[in-house]
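This is what each chain is made of:
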Amino acid sequence: MSRQDLLVGVLTVVCCAHLLFFARWFLDKTKNGQRLTRWFGPDRAIWVLRGLATLGMVFGGLLASGIIRPVQW
């Protein structure tokens, strides 16, 4: 595992946690959040966003711990 994988994994977890904290703002104020709200409705959009952010946190954690290894060219 390289330091770069650790850094990218930790930053992914931090960004997704930040998104969870500001989920309502994201849905109300951003174009992508408004699109999610149109597609799923206001009640389901928050759960879709939380699910996506949680998946991102899991992915970042797996990357940071070395379980997921990125393809290197």
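Residues numbered from 1 in each chain as written. Predicted model: local features only at pLDDT ≥ 70, side-chain atom pairs only at ≥ 80, totals over all residues. Heavy atoms only, no water.

**Student:** I would appreciate a short explanation of the overall build of the protein in the present structure.
**Tutor:** The helix and strand tally for the protein stands at three helices and zero strands. Taken from N to C terminus, the helices and strands of the protein fall in the order α-α-α. Scaling as 2.2 N^0.38, a compact globule of 73 residues should have a C-alpha radius of gyration of about 11 Å, whereas the protein reaches 14 Å, well beyond that. If you line up the protein on its principal axes, its C-alpha atoms span 40 × 20 × 20 Å. Buried positions account for 25% of the 73 residues belonging to the protein. Within the protein, counting contacts between residues at least 6 apart in sequence, those at least 24 apart form 56% of the total. In the structure as shown, the protein presents an accessible area of about 5,600 Å², 66% of it carried by carbon and sulfur atoms. (Helix = DSSP H or I, 4+ residues; strand = E, 2+ residues; numbered from the N terminus. Rg over C-alpha atoms; globule rule 2.2 N^0.38 Å. Buried < 20%, exposed > 50% of the residue type's maximum accessible area, 1.4 Å probe, protein only. Contact = heavy atoms within 4.5 Å. Areas by Shrake-Rupley, 256 points an atom, 1.4 Å probe, with all protein chains shown as cover.)

**Student:** Honestly, the side chain of Thr-30 in this entry has me stumped. Any pointers?
**Tutor:** Relative to the helices and strands, Thr-30 is located in the loop between helix H2 (23-29) and helix H3 (31-65). A polar atom in the side chain of Thr-30 sits 3.0 Å from the backbone nitrogen of Gly-33. (Polar contact = N/O pair within 3.5 Å; in protein donor to acceptor, adjacent residues only side chain to side chain.)

**Student:** Explanation requested: H3 in the structure shown.
**Tutor:** Because each turn of an α-helix spans 3.6 residues, side chains separated by three or four positions in sequence point in the same direction. Compared with an ideal rise of 1.5 Å per residue, which puts 35 residues at 51 Å, H3 spans 33 Å between its outermost C-alpha atoms and falls more than 12% short. Of all the bends in H3, the greatest, near 115°, is centred on Gly-41, and the proline Pro-42 appears no more than four residues after it. Taken together, the buried residues of H3 touch helix H1 (3-21) and H2. Looking one or two residues beyond H3, the residue adopting positive phi is Gly-66, at roughly 90°. (Expected span 1.5 Å × (residues − 1). Bend = angle between axes of the 7 residues up to and from the residue.)

**Student:** Please explain the packing of aromatic side chains as it appears in this structure.
**Tutor:** Centre distance and the angle of the planes are the two values used to describe a pair of aromatic rings. With the rule as written, the count across this model stands at one aromatic pair. A centroid spacing of 4.9 Å and a plane angle of 90° characterise the contact between Phe-21 and Phe-22, whose relative ring orientation is edge-to-face. According to the relative accessible area criterion, Phe-22 is partly exposed, its value standing at 36%. If you follow Arg-50 out to its NZ or CZ, it ends over the ring of Trp-47, 4.8 Å from the centre. (Phe/Tyr/Trp six-rings, centres within 6.5 Å; stacked < 30°, edge-to-face > 60°. Lys NZ or Arg CZ within 6 Å of the ring centre and 35° of its normal.)

**Student:** Would you mind going over the packing of H1 against H3 with me for this structure?
**Tutor:** In a pair of packed helices, the angle between the axes and the distance between the axes together describe the arrangement. Remark: H1 packs on H3, axes separated minimally by 7 Å, with the N-to-C direction vectors making an angle of 160°. Put simply, H1 runs roughly antiparallel to H3. Crossing handedness for the pair H1 and H3: left-handed. Here Asp-5, Leu-6, Val-8, Gly-9, Val-10, Thr-12, Val-13, Cys-16, Ala-17, Leu-19 and Leu-20 of H1 come into contact with H3, specifically with Leu-49, Arg-50, Ala-53, Thr-54, Gly-56, Met-57, Gly-60, Gly-61, Leu-63 and Ala-64. Its residues placed into classes, the contact of H1 with H3 shows 13 nonpolar, six polar and two charged. (Axes fitted to C-alpha atoms, helices over the stretch in contact; angles between N-to-C directions. Parallel < 35°, antiparallel > 145°, perpendicular 65-115°, else oblique. Left-handed = near helix turned anticlockwise from the far one by under 90°. Nonpolar A, V, L, I, M, F, W, Y, C, P; charged D, E, K, R; others polar.)

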